[in-house]
Amino acid sequence: MKLDKDLVREILLALEADEGDPRELKNIEVPGWTDEQIAYTVCILAEGGLIEATDLSDMCNWDWRAQRLTYAGHEYVDTIRDGEVWRKTKEVAGKAGAFSLQLLLESGKAIVKQELVKYGVHLP
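Here's a quick rundown of the structure. Along every chain, residues carry numbers that run from 1 in the direction the sequence is written. Residue-level local features of this predicted model are given only where pLDDT is at least 70; pairs of side-chain atoms are given and counted only at 80 or more, and the full residue set underlies all totals for whole chains, interfaces and linings. With hydrogens and water excluded, all non-hydrogen atoms of the structure serve as input to the side-chain values.

**Thoughts on the overall build of the protein chain**
Consideration 1: The numbering of helices and of strands both runs from the N terminus, where a helix is a DSSP run of H or I of at least 4 residues and a strand a run of E of at least 2. Along the protein chain, the regular secondary structure elements total 5 helices and 2 strands.
Consideration 2: The order of helices and strands in the protein chain, counted from the N terminus, is α-α-β-β-α-α-α.
Consideration 3: Taken against the 2.2 N^0.38 rule, which gives 14 Å for 124 residues, the C-alpha radius of gyration of the protein chain at 15 Å falls within 12% of a compact globule.
Consideration 4: Based on the C-alpha atoms only, the size of the protein chain along its principal axes is roughly 55 × 35 × 25 Å.
Consideration 5: Counting only residues that meet the buried cut, the protein chain has 34% of its 124 residues in that class. Radius of gyration: over C-alpha atoms. The globule rule applied is 2.2 Å multiplied by the number of residues raised to the 0.38 power. Working definition: with a 1.4 Å probe on protein chains only, accessible area under 20% of the residue-type maximum means buried, over 50% means exposed, and in between means partly exposed.

What follows is the structure in C-alpha cells.
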C-alpha cells in the first residue's frame, strides 16, 4: 500500500486537535480515505516514532489505532501545520523524486527557516 503524505498530515493534525484522554485509542476518520488506508498510515507513523498506536488487527482485519502524538510528532506537526509551508514542502519532496517522513520533516524545517529569514529571524 502506498503511503500518502496528505493522509499523514491529516492524521497528525487530527491527533493534535484531539482533546480526549491520550491513553485512549482514537477512531480517526478522514473523508476520502478507507479505514485500511488510515490504519496502514497509523502503523507507519507509529513505526516512524511520530505517534503512539496499538495494533488491534486480527486474521480478517487490518486495524491500527492511534493514541497520541509523541514529542517528535508534535515537532513534525509544528513544521507542517501551515498550509502554504505544507504545499511548498510537498513541492520540494516531489522535485527530489522521493518521499519519506524524514525528507518531509527536513524539507518543512528548511522552508520554515526560509520564511523566518524573510522576517529578519536567523537561526543557526
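**As for the pattern of salt bridges**
Consideration 1: By definition, a salt bridge exists where a carboxyl oxygen of Asp or Glu is found within 4 Å of a side-chain nitrogen of Lys or Arg. Summed over the entire model, instances satisfying the criterion amount to 8 salt bridges.
Consideration 2: Across the salt bridge formed by D21 and R23, the nearest N and O atoms sit 2.7 Å from each other.
Consideration 3: The exposure class assigned to D21 is partly exposed, which follows from its relative accessible area of 23%.
Consideration 4: Linking R68 and E52 is a salt bridge whose minimum nitrogen-to-oxygen distance equals 3.9 Å. Taken together, the residues R68 in strand β2 (residues 64-69) and E52 in strand β1 (residues 51-55) connect sequence positions 16 residues apart.

**Regarding helix α2 (residues 35-47)**
Consideration 1: Expected helix span is computed as 1.5 Å times (number of residues minus one). Between the first and last C-alpha of α2 there are 18 Å, a value that for 13 residues agrees with the 18 Å anticipated at 1.5 Å per step.
Consideration 2: For α2, the set of buried residues is I38, A39, T41, V42, C43, I44 and L45.
Consideration 3: Among the residues trailing α2, G49 stands out with phi positive, at a value near 80°.

**Some points on the packing of helix α1 (residues 5-17) against α2**
Consideration 1: Axis lines are fitted to C-alpha atoms, over the contacting stretch for helices. Their N-to-C directions set the angle, which ranges from 0 to 180 degrees. As a packed pair, α1 and α2 sit with axes 10 Å apart at the nearest point and diverge in direction by 80°. Considering their axes alone, α1 and α2 lie roughly perpendicular with respect to each other. Across the interface between the two elements, L7, V8, I11 and L12 from α1 touch Q37, I38, T41, V42 and L45 from α2.
Consideration 2: Charged means Asp, Glu, Lys or Arg here, nonpolar means Ala, Val, Leu, Ile, Met, Phe, Trp, Tyr, Cys or Pro, and polar covers whatever is left, Gly included. Residue classes in the contact of α1 with α2 are distributed as 7 nonpolar, 2 polar and no charged. Any angle between 65 and 115 degrees counts as roughly perpendicular, while under 35 counts as roughly parallel, over 145 as roughly antiparallel, and the rest as oblique. In this analysis, two residues are considered to be in contact whenever any of their non-hydrogen atoms come within 4.5 Å of each other.

**A closer look at the nonpolar core**
Consideration 1: Judged by nonpolar contacts, the single largest core of 29 residues is most densely connected at I11, L12, V42, L45, I51 and Y76.
Consideration 2: Mapped by element, the contributors of at least two residues to this core are α1, α2, β1, β2, α3 (71-80), α4 (83-96) and α5 (101-118).
Consideration 3: Not counting residues up to four positions away in its chain, the partners in contact with I11 are I28, I38, T41, V42 and L45. Definition used in this section: a nonpolar core is a set of buried Ala, Val, Leu, Ile, Met, Phe, Trp, Tyr and Cys residues joined via side-chain atoms within 4.5 Å.

**Let's talk about the side chain of R9**
Consideration 1: Relative to the helices and strands, R9 resides in helix α1.
Consideration 2: Among buried charged residues, R9 stands out as having no salt bridge; its nearest opposite-charge side chain is E10, 4.3 Å away.
Consideration 3: There is a polar contact of 2.6 Å between the side chain of R9 and the backbone oxygen of R81.
Consideration 4: Every residue in contact with R9, bar those within four places of it in the chain, is listed here: I80, R81, D82, G83 and W86. For the charge count, each Lys or Arg is scored as positive and each Asp or Glu as negative, with His and the chain ends excluded. Under the rule applied, a polar contact is a pair of N or O atoms within 3.5 Å (in protein, one hydrogen donor and one hydrogen acceptor; residues adjacent in sequence only if both atoms are side-chain atoms).

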